[in-house]
Amino acid sequence: MTKLKDRLSQGGILIADGATGTTLQEAGLPTGTAPERWTLENPDAIRDLHRGYVEAGADLILTNTFGGSRPRLRVEGLEDQTHEVNLAAARLAREVAGDQVLVLGDIGPTGQLLEPLGVLTYNGAVAGFAEQAAALVEGGVDAILIETMSDLNEAKAAIEGTRQVTDLPILATMSFDTHGHTMMGIKPAQAAQELWALGVDVVGANCGRTLSENLDAIQQMREALPEATLMAKPNAGLPRMDGTQSVYDVTPDIMVDYAQQFAALDVKIIG
């Protein structure tokens, strides 16, 4: 068994880390700059990010690679450093996590639409995700997290690409931020059923607009798939602007209340 599968088979809840982008912005990341750039240019800030969550008690942390696929890095002019970015990010997280905290190699959407709505082919997406996953595995991650997906076909491409390069556990979560659906019209029950049928180890919901909408999505997943291992990693609501600062009105007490509601649905990983 891998360390993650061993932990999933045990009792209790695993606590995931929290925000990456907003935390790095508070540390000085310029607005509009991709967090992945700091993996190479300011690694101490990435260490501090991970260390803060480890010291707060996280059982698992995510690599700073949400936008680490070649198509996404192309926007930053970093596509030729795709392997380097992902390898470095995985090694930084592994360094801070040590042997006790799990590291999930984070894979987000490419930022492009798949054919026929866009120009990215399914096979092209598979190849891009395989490239990213391979570097994350080389850097020492314990599992691959495919997250914030809107398009089921893109999520499936990420799963297929990951499986081409590793047999590590795969977690897959989607963002239900459009009236209870993903942006591409996918309902939580459908997502859970189709992703779980592909043999992933964990399914769930992340990001989204509000805690209540995420809770509803998880409820639908649980009802559709009682046997599934679930993960919930919601946003702390939507921010409002106070001058130049983004302010979130969700308090720690509110987050605790929702965490307990997620736990009541037998959610295994909460962040």
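See above for the structure.
Residues numbered from 1 in each chain as written. Predicted model: local features only at pLDDT ≥ 70, side-chain atom pairs only at ≥ 80, totals over all residues. Heavy atoms only, no water.

**Student:** Explain the pairing of strand E5 (residues 170-174) to me, please; I cannot follow it from the model alone.
**Tutor:** Consecutive side chains along a regular strand alternate between the two faces of the sheet. Burial analysis of E5 places five of its five residues in the buried class, which makes it a mostly covered element. Residues Ile 170, Ala 172 and Met 174 point to one face of E5 and Leu 171 and Thr 173 to the other, with burial holding for every one of them. Judged from the four bridges that link them, strand E4 (residues 143-149) and E5 form a sheet pairing that is parallel. If you follow Met 149 over to E5, its bridge partner there is Met 174. The parallel pair E4 and E5 is bridged by helix H8 (residues 152-165), and the resulting crossover is right-handed. Pairing of E5 with strand E6 (residues 202-207), which is carried by four bridges, proceeds in the parallel orientation. (Buried < 20%, exposed > 50% of the residue type's maximum accessible area, 1.4 Å probe, protein only. Helix = DSSP H or I, 4+ residues; strand = E, 2+ residues; numbered from the N terminus. Pairing = 2+ DSSP bridges. Right-handed = clockwise from strand over helix to strand, strands pointing away.)

**Student:** Could you clarify how one ought to interpret the environment of Thr 182 in this entry?
**Tutor:** Counting through the fold element by element, Thr 182 comes out in the loop between E5 and helix H9 (188-196). Each C-alpha atom, one on Thr 182 and one on Val 250, is 22 Å from the other, the two residues being 68 residues apart in sequence. Once residues within four sequence positions are removed from consideration, Thr 182 is found in contact with Met 149, Ser 150, Met 174, Ser 175, Phe 176 and Asp 177. Separated by 2.7 Å, the side chain of Thr 182 and the backbone oxygen of Ser 150 make a polar contact. (Contact = heavy atoms within 4.5 Å. Polar contact = N/O pair within 3.5 Å; in protein donor to acceptor, adjacent residues only side chain to side chain.)

**Student:** Just checking my understanding: could you explain the pattern of salt bridges for this structure?
**Tutor:** Should their charged atoms come close, side chains of opposite charge can pair. All chains considered together, the criterion is met by 14 salt bridges. Between Asp 201 and Lys 5 there is a salt bridge whose closest N-O contact spans 3.6 Å. Taken together, the residues Asp 201 in the loop between H9 and E6 and Lys 5 in helix H1 (residues 3-9) connect sequence positions 196 residues apart. Under the relative-accessibility criterion, Asp 201 is labelled buried at 18%. Overall, the relative accessible area of 34% leaves Lys 5 in the partly exposed class. (Salt bridge = Lys/Arg side-chain N within 4 Å of Asp/Glu carboxyl O.)

**Student:** Help me out: how do you make sense of the packing of helix H4 (residues 43-56) against helix H6 (residues 82-97) in this one?
**Tutor:** Two quantities define a packed helix pair, namely the angle between the helix axes and the distance between the axes. For the pair H4 and H6, interaxial distance at closest approach is 9 Å and the crossing angle is 40°. Of the possible angle classes, the one that applies to H4 and H6 is oblique. H4 and H6 meet at a crossing whose hand is right-handed. Residue-level inspection shows Pro 43, Ile 46, Arg 47, His 50, Arg 51 and Val 54 of H4 in contact with H6, the latter providing Leu 92, Ala 93, Glu 95 and Val 96. (Axes fitted to C-alpha atoms, helices over the stretch in contact; angles between N-to-C directions. Parallel < 35°, antiparallel > 145°, perpendicular 65-115°, else oblique. Left-handed = near helix turned anticlockwise from the far one by under 90°.)

**Student:** Explanation requested: the sheet that holds E4 in the structure shown.
**Tutor:** Strand pairing in a sheet relies on backbone hydrogen bonds, with the paired strands running either antiparallel or parallel. Strands sit in the order E1-E10-E7-E6-E5-E4-E3-E2 across an open sheet of eight strands; the sheet is parallel. Where the open sheet ends on each side, the last strands, each with one partner, are strand E1 (14-15) and strand E2 (60-62). Along the sheet face, helix H11 (residues 252-264) touches strand E7 (230-234) and strand E10 (267-270) and points at about 150° away from the line of E10.

**Student:** When you look at the nonpolar core in this model, what are you seeing that I'm missing?
**Tutor:** Generally speaking, a soluble globular protein has its nonpolar side chains buried in company with each other. Judged by nonpolar contacts, the single largest core of 58 residues is most densely connected at Ile 61, Ile 146, Leu 195, Ile 218, Phe 262 and Val 267. With residues up to four places along the chain from it excluded, the contact list for Ile 61 reads Asp 17, His 50, Tyr 53, Val 54, Ala 93, Ala 97, Val 101, Leu 102, Val 103 and Leu 104. Judged by nonpolar contacts, the second largest core, of 14 residues, contains Leu 4, Leu 14, Ala 143 and Leu 145. (Core = buried A, V, L, I, M, F, W, Y, C linked by side-chain atoms within 4.5 Å.)

**Student:** Hey, could you run me through the layout of surface pockets in this one?
**Tutor:** Where empty space is left can be seen by rolling a probe of water-molecule size over the atoms. A volume near 1,600 Å³ is recorded for the largest pocket. Together, 50 residues line the largest pocket, and Ala 19, Thr 20, Gly 21, Thr 22 and Tyr 248 are the ones closest to its centre. Looking at the lining of the largest pocket, the elements that each hand over two or more residues are helix H2 (21-26), helix H3 (35-41), helix H5 (70-75), E4, E6, E7, strand E9 (245-247) and H11. The greatest single-element share of the lining of the largest pocket, amounting to five residues, is contributed by H2. Here the residues of the lining of the largest pocket sort into 19 nonpolar, 23 polar and eight charged. Taken as a whole, the second largest pocket spans an internal volume of roughly 190 Å³. Lining of the second largest pocket is provided by 15 residues; of these, Ile 15, Ala 16, Met 255, Ile 270 and Gly 271 occupy positions nearest its centre. Looking at the lining of the second largest pocket, the elements with two or more residues in it are H4 and H11. The element contributing the most residues to the lining of the second largest pocket is H11, with five residues. (1 Å grid on protein atoms, 1.4 Å probe; cavity = no way out; pocket = protein on both sides within 12 Å on 5 of 7 lines; lining within 4 Å. Points joined across faces, edges and corners; volume = space filled by probe spheres on them. Nonpolar A, V, L, I, M, F, W, Y, C, P; charged D, E, K, R; others polar.)

**Student:** So what exactly am I meant to see when it comes to the pairing of E10 here?
**Tutor:** The sheet contact formed by E1 and E10 spans two bridges and is parallel. Opposite Leu 14, over in E10, you have Ile 269 as the bridge partner. Note: E7 against E10, three bridges, orientation parallel. Paired with Leu 230 across the two strands is Val 267, which belongs to E10.

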